[in-house]
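# Structural features, examined
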Amino acid sequence: MTRLHLPLLLTTLLQCSTTTTTTALAAGASTVTREVPTSPISGMKPGTSGLRKKVEVWQEGTYVENFIQSLVDVANDSDDPSLDTVIVAGDGRYYNDEAMQKIVRVLAGNGVSNIWIPRFGIMSTPAVSAAIRRCEGGKAQGGIVLTASHNPGGPGEDFGIKYNEALGQPAAEEFTDALYEKTMSISSFKTVDSEDVDFSASVGSTFQITDSSTVTIMDPFDCYLESLKDCFDFDKLRQFAKRNNFSLLFDGMHGAGGPFAKRVLVNEIGLPETSLLRANPLPDFGKGHPDPNLTYASDLVKKMGLTPEGVADPAVDIEGIPNLGAANDGDGDRNLIAGKGVFVTPSDSLAIILDNWEAIPHFAKRGGPKGAARSMPSSAALDVVAKARNIPFFVTPTGWKFFGNLMSSKELFDNTDYTPFLCGEESFGTGSDHIREKDGLWAVLAWMSILMKANENVKEGDPLVEVKDIVTNHWAKYGRHFYCRYDYEGVDSDLANDLMDFIRNNYVEGSADSCEADDSGINLIDAIEFGYTDPVDGSKATNQGLILNFNLSSGDPARVVFRLSGTGSAGATIRMYLEQYEKDSSKHDQAAPLALKDLANRVLKVVKFEQITGRDAPTVIT
């Protein structure tokens, strides 16, 4: 791992800029820190990916200052030495710049010496993680990331802040719990009075906020690009991209990932700029929902020859369709993968990457993955491959921080080394140990590398092995795990909890025998509540989802998982995950929602879903 100390970092930044300035902001060097009285604001409990609220909540009073002061206090309590160097970056959503100016002042008021901000204030979450891990100048204890990930942005929509710790990983539950406690006891915050920092200033520009606190405008790309070049063979990818019959289409969804896709796919690999859709970040994501799934990436889905259900559209001629399609979310950490007339579910994508690790230099040069993991709601497709390839694997709660412990087992705890490591979750997240976040572009390059390997003996001009060939061959080898998710958004929180209590009381703590049989032939076998003991540090996570296991009339297994999402900003989202295994290859071409319809109908009756929640249809099926 390359580590840049501050003089070298600044030299690198200066080389990327034609002009470099050092500005003492008005009253900067003589600015006096003010301690402003405040009082606790309720509801500042971070979820699995930070604190997300409607933007108007963040805009009110001292909401931002209270949260950041509490964050700084916890970081100073847990870090040795005290917080000194911090990256502050965002996904460019509405209120990004205004909140960032407030954060700069609170950090300066608390004596943080070095505040690194990407030019224009925009940086993908994976890039922040890479910069924390690789650009050490003093050193960077972490990063404050302004994002609500895949949630919409703009007035009336969502805003969020999360914290990544010194290895680039999302803050651990111990940290976020302590942060919440601080927000409930805060009595003042520290800040300074200074002019706004010019985030559009050239890379390498510095702004003297106080005698001891400086903002430096950093290049958002360098450390991240370096991390990707350590994982993939860019020279070979450039050659593959030159093939006349290869094309790629990437949808940035007007999020932070767009500029990074342009830098990597166009500037580095040489694909034409027409390979990019919606690659310019917008505060409201073009009034879209920046979630890379079949519903919200509908334009890409259609261009890949797919119906809204994710199956090949028979009315579309696939000859003119790109070989590989992909999309990012708002902060660039999630991904959608598709081929000509085929949608690759996130769970299948993870399993196929594991089975084709030889195509990815990050794994191949070290003899293959030493560990793999999936979130519990993800399908068991990964498990089947890991067992066949003799690779240790883990099933964790939802939240990338649980993967972080496994990836950092040796680095942080001096325990078993599971790196190189592959991990992912069903909510369109895939990544490896090159950083400590999921990484949308990494997944795109992984699939491009798999395609490149599959076509290494295909002569120029001959038909290419396509994504669909790779997927169908995988199913023929391992069987297919049909999988989809029903999201019921904006459910009254009390009703959502009533549903979970009904399942828990009747089937987890009760008995599956209480479930009456019907003519579907789908029988409830048992129900459990998922809990997790971390194999690295021994910490425990409870109440991580309710699992109902079924047997189909064919004898094959099926399961349904219920979880309440902790990442929304209003009401509750009930997520229902459906999975059933099918070994008969003649049935593999069905659309997943259709194949799972009987299971969905059965479980909705079993848990009295409509009766309890009043909802008769999901908001979205992915």
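Residues numbered from 1 in each chain as written. Predicted model: local features only at pLDDT ≥ 70, side-chain atom pairs only at ≥ 80, totals over all residues. Heavy atoms only, no water.

If you look the protein up in an unreviewed UniProt entry, it shows as phosphoglucomutase (alpha-D-glucose-1,6-bisphosphate-dependent) from Leptocylindrus aporus. UniProt, in the comment section headed Catalytic activity (unreviewed entry), describes the protein in these words: "alpha-D-glucose 1-phosphate = alpha-D-glucose 6-phosphate". Its UniProt record gives the protein a comment under Sequence similarities (unreviewed entry), which states: "Belongs to the phosphohexose mutase family." (UniProt positions renumbered as here; feature names shortened; annotations may be inferred.)

### Remarks on the UniProt feature "domain: Alpha-D-phosphohexomutase alpha/beta/alpha" (unreviewed entry) in the protein
UniProt's feature table lists "domain: Alpha-D-phosphohexomutase alpha/beta/alpha" (unreviewed entry) at residues 44–186, 224–338 and 365–460, given in the numbering used throughout. Between the end C-alpha atoms of residues 224–338 the distance is 24 Å, and the span holds 30% helix and 13% strand. Helix makes up 38% of residues 365–460 and strand makes up 19%, while its end C-alpha atoms are separated by 27 Å. (Helix = DSSP H or I, 4+ residues; strand = E, 2+ residues; numbered from the N terminus.)

### Considerations on the packing of helix H7 (residues 222–231) against helix H9 (residues 257–268)
Remark: H7 packs on H9, axes separated minimally by 11 Å, with the N-to-C direction vectors making an angle of 55°. If you check the angle between H7 and H9, you find them oblique. Handedness of the crossing formed by H7 with H9: right-handed. Between H7 and H9, the contacting residues are Asp 222, Tyr 224, Leu 225, Leu 228 and Lys 229 on the first element and Phe 260, Arg 263, Val 264 and Glu 268 on the second. Of the residues contributing to the contact of H7 with H9, the split by class is five nonpolar, no polar and four charged. (Axes fitted to C-alpha atoms, helices over the stretch in contact; angles between N-to-C directions. Parallel < 35°, antiparallel > 145°, perpendicular 65-115°, else oblique. Left-handed = near helix turned anticlockwise from the far one by under 90°. Contact = heavy atoms within 4.5 Å. Nonpolar A, V, L, I, M, F, W, Y, C, P; charged D, E, K, R; others polar.)

### Considerations on the sheet that holds strand E17 (residues 393–396)
Taking strand neighbours across the sheet as the criterion, the four strands line up as E17-E16-E18-E19 in an open arrangement whose pairing is mixed. Edge positions in the open sheet fall to E17 and strand E19 (429–432), since each of these has one partner strand only. Going across the sheet, the axis of each strand differs from the next one's by a mean of 15°, ignoring polarity. Pairing of strand E18 (residues 421–425) with E19 involves four bridges; the strand directions are antiparallel. Its bridge partner lying in E19, Glu 425 is registered against Gly 429. (Pairing = 2+ DSSP bridges.)

### Notes on the pattern of salt bridges
If you walk through the whole model with that rule in mind, you get 39 salt bridges. Of the charged contacts, one joins Lys 45 and Asp 177 as a salt bridge, the two residues approaching to 3.7 Å between their closest N and O atoms. You can see Lys 45 sitting in the loop between strand E2 (34–37) and strand E3 (51–54) and its partner Asp 177 sitting in helix H6 (residues 173–183), a full 132 residues away along the chain. The salt bridge involving Asp 383 is made with Arg 374; its shortest N-O contact spans 2.7 Å. By the burial criterion, Asp 383 is buried, and Arg 374 matches it. By sharing partners, the salt bridges in this structure join Asp 222, Lys 229, Arg 263 and Glu 268 into a single network. (Salt bridge = Lys/Arg side-chain N within 4 Å of Asp/Glu carboxyl O. Buried < 20%, exposed > 50% of the residue type's maximum accessible area, 1.4 Å probe, protein only.)

### Things to note about the domain arrangement of the protein
By domain assignment, the protein separates into domain 1 (33–219), domain 2 (225–478) and domain 3 (480–621). The centre of domain 2, based on its C-alpha atoms, is set 26 Å off from the matching centre of domain 3. Facing 30 residues of domain 2, the contacting portion of domain 3 comprises 26 residues. Together domain 2 and domain 3 conceal approximately 2,400 Å² of surface at their shared face, both sides included; 61% is due to carbon and sulfur atoms. Glu 426 is the partner of Arg 485 in a salt bridge, and the nearest nitrogen-oxygen pair spans 3.0 Å. Our count for the contact surface shared by domain 2 and domain 3 stands at 10 residue pairs in polar contact (both at pLDDT 80 or more). In the side of domain 2 that touches domain 3, the residues fall into 16 nonpolar, 11 polar and three charged. (Domains from an automatic or database assignment. Buried area = accessible area lost by both parts, 1.4 Å probe. Polar contact = N/O pair within 3.5 Å; in protein donor to acceptor, adjacent residues only side chain to side chain.)

### Thoughts on the sheet that holds strand E12 (residues 276–277)
The strands making up a sheet associate through backbone hydrogen bonding, with each pair oriented either parallel or antiparallel. With mixed pairing, the five strands of this open sheet are ordered in space as E12-E11-E13-E14-E15. Since the sheet does not close on itself, it has two edges, and those belong to E12 and strand E15 (342–344), each with one partner. Each of strand E11 (248–251), strand E13 (324–328), strand E14 (335–339) and E15 touches helix H16 (residues 440–454); the most contacted strand, E13, lies at about 170° to it.

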